[in-house]
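Notes for the structure review
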Amino acid sequence: MAIFNGRYSWDGKKKDSGPPIAWFPGTYNLKIIDCSNPVGGVEQLKPYICLFSETGEGQSIYANPEKFAKQICHDFSLNIERVLWVEEFPDDDKRYDIVLFSRSGRLGSSYFYKAKRRPALEKEIHMIRKQLAAFEGK
């Protein structure tokens, strides 16, 4: 089920208590897919896929995707640890990177995360493409 399909932008300005995604404006293509379909009462560990890619407009979040992920989670009421974060590189033969977030610290009720990237496994690529086909109605 589609939660969001479009362009996601930020202006680089501080709006509330938290810092912006980046201090310069940027725009990314973003697809959020709800894959939660419990089979036999078994719930998936990561029932959402967040597929994002650069548009070439503005600041890139490649080096530091934590603030981007936190803002997406805030805007769409998601848990950062229950989302499969996938960066798509359309110009690179449909390459996908999986971005894994692990807790690295805590201040009050806020957690800090460090991001680690790895290429998507074949089974993950198959699942991503299957979900995208259903998402796009193919």
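All values reported here derive from a predicted model rather than from experimental measurement. (Residues numbered from 1 in each chain as written. Predicted model: local features only at pLDDT ≥ 70, side-chain atom pairs only at ≥ 80, totals over all residues. Heavy atoms only, no water.)

**A word on the overall build of the chain**
For the record, the criterion: Runs of E in the DSSP output that reach at least two residues are strands. Runs of H or I that reach at least four are helices, and both are numbered from the N terminus. The globule rule used for comparison is 2.2 Å times the number of residues to the exponent 0.38, while the radius of gyration itself is calculated over C-alpha atoms. The classification of residues rests on relative accessible area computed with a 1.4 Å probe and restricted to protein chains. Under 20% of the type maximum is buried, over 50% is exposed, and intermediate values are partly exposed. Note on contacts: a residue pair qualifies if any of its non-hydrogen atoms lie within 4.5 Å across the two residues.
Along the backbone of the chain there are 2 helices and 6 strands. Computed over C-alpha atoms, the radius of gyration of the chain comes to 15 Å, within 12% of the 14 Å expected from 2.2 N^0.38 for 138 residues, which places it in the range of a compact globule. When its C-alpha atoms are laid out on the principal axes, the chain stretches across 40 × 35 × 25 Å. Relative to its full complement of 138 residues, the chain shows a buried share of 36%. If you take every contact in the chain between residues at least 6 apart in sequence, the share linking residues at least 24 apart comes to 55%.

**Here we look at the environment of Gly 58**
With respect to the secondary-structure elements, Gly 58 resides in strand β3 (residues 48-58). Placed 41 residues apart in sequence, Gly 58 and Val 99 show a C-alpha to C-alpha distance of 21 Å. Ignoring anything within four residues of it in the chain, the contact list for Gly 58 reads Pro 25 and Gly 26.

**Looking at the sheet that holds strand β5 (residues 95-107)**
Sheets are built from strands that pair by backbone hydrogen bonding, the pairs being arranged parallel or antiparallel. Let me state the cut-off plainly: For two strands to be treated as a pair, DSSP must find no fewer than two bridges joining them. Here an angle of 0 to 180 degrees is reported between the N-to-C directions of two axes, which are lines fitted to C-alpha atoms, with helices fitted over the stretch in contact.
The mixed open sheet is built from 6 strands, whose spatial order is β1-β2-β3-β4-β5-β6. Only two strands of the sheet have a single neighbouring strand rather than two, namely β1 (2-10) and β6 (110-119). Geometrically, the sheet is characterised by an average inter-axis angle of 25° between neighbouring strands, direction not taken into account. Against the sheet, helix α1 (residues 66-76) contacts β1, β2 (26-34), β3, β4 (83-89), β5 and β6, and its axis sits at roughly 130° relative to β1.

**A few points about the pattern of salt bridges**
Under the convention used in this document: Any carboxyl oxygen of Asp or Glu that lies within 4 Å of a side-chain nitrogen of Lys or Arg is treated as forming a salt bridge with it.
Throughout the structure, instances matching the rule amount to 7 salt bridges. Note that Glu 81 is salt-bridged to Arg 103, the shortest N-O span being 2.6 Å. Separated by 22 residues along the polypeptide, Glu 81 in the loop between α1 and β4 and Arg 103 in strand β5 bring together distant segments of the chain. Taking the relative accessible area as the measure of exposure, Glu 81 reaches 30% and is therefore partly exposed.

**Focus on the packing of aromatic side chains**
What counts here: When the centres of two rings from Phe, Tyr and Trp lie within 6.5 Å, Trp using its six-membered ring, the rings pair. Their planes under 30 degrees apart give stacked, over 60 give edge-to-face, and anything left gives tilted. The rule for a charge over a ring is simple: NZ of Lys or CZ of Arg within 6 Å of the ring centre, and within 35 degrees of the ring normal.
Scanning the model with the defined rule gives 9 aromatic pairs in all. On the numbers, 5.2 Å between centres and 55° between planes, the contact of Phe 52 with Phe 68 is tilted. You can see Phe 52 sitting in strand β3 and its partner Phe 68 sitting in helix α1, a full 16 residues away along the chain. One exposure class covers both Phe 52 and Phe 68, and it is buried. An aromatic cluster is built from Tyr 8, Trp 10, Tyr 28, Phe 52 and Phe 68, whose rings are joined through pairwise contacts. Across from the ring centre of Phe 89, 4.1 Å away, lies the NZ or CZ of Arg 95, which sits over that ring. Over the ring of Tyr 111 we find Arg 103; its NZ or CZ atom is 3.7 Å from the centre of that ring.

**Structural notes on unusual backbone geometry**
Although it is not a glycine, Ser 77 sits at a positive phi angle of roughly 55°. Relative to the helices and strands, Ser 77 is located in the loop between α1 and β4. Among the residues examined, Ser 77 registers a relative accessible area of 68% and is labelled exposed.

**Let's talk about the nonpolar core**
One recurring pattern in soluble globular proteins is that nonpolar side chains are buried together. Condition: We define a nonpolar core as any set of buried Ala, Val, Leu, Ile, Met, Phe, Trp, Tyr and Cys residues linked to one another through side-chain atoms lying within 4.5 Å.
Trp 10, Leu 30, Cys 50, Phe 52, Phe 68, Ile 72 and Trp 85 are the most contacted members of the largest nonpolar core, which has 21 residues in total. Mapped onto this core, the elements with two or more residues apiece are β1, β2, β3, α1, β4 and β5. Among the elements that take part in this core, α1 stands out by supplying 4 residues, more than any other. Within the second largest apolar cluster, 13 residues are counted, among which are Leu 84, Val 86, Ile 98 and Ile 128.

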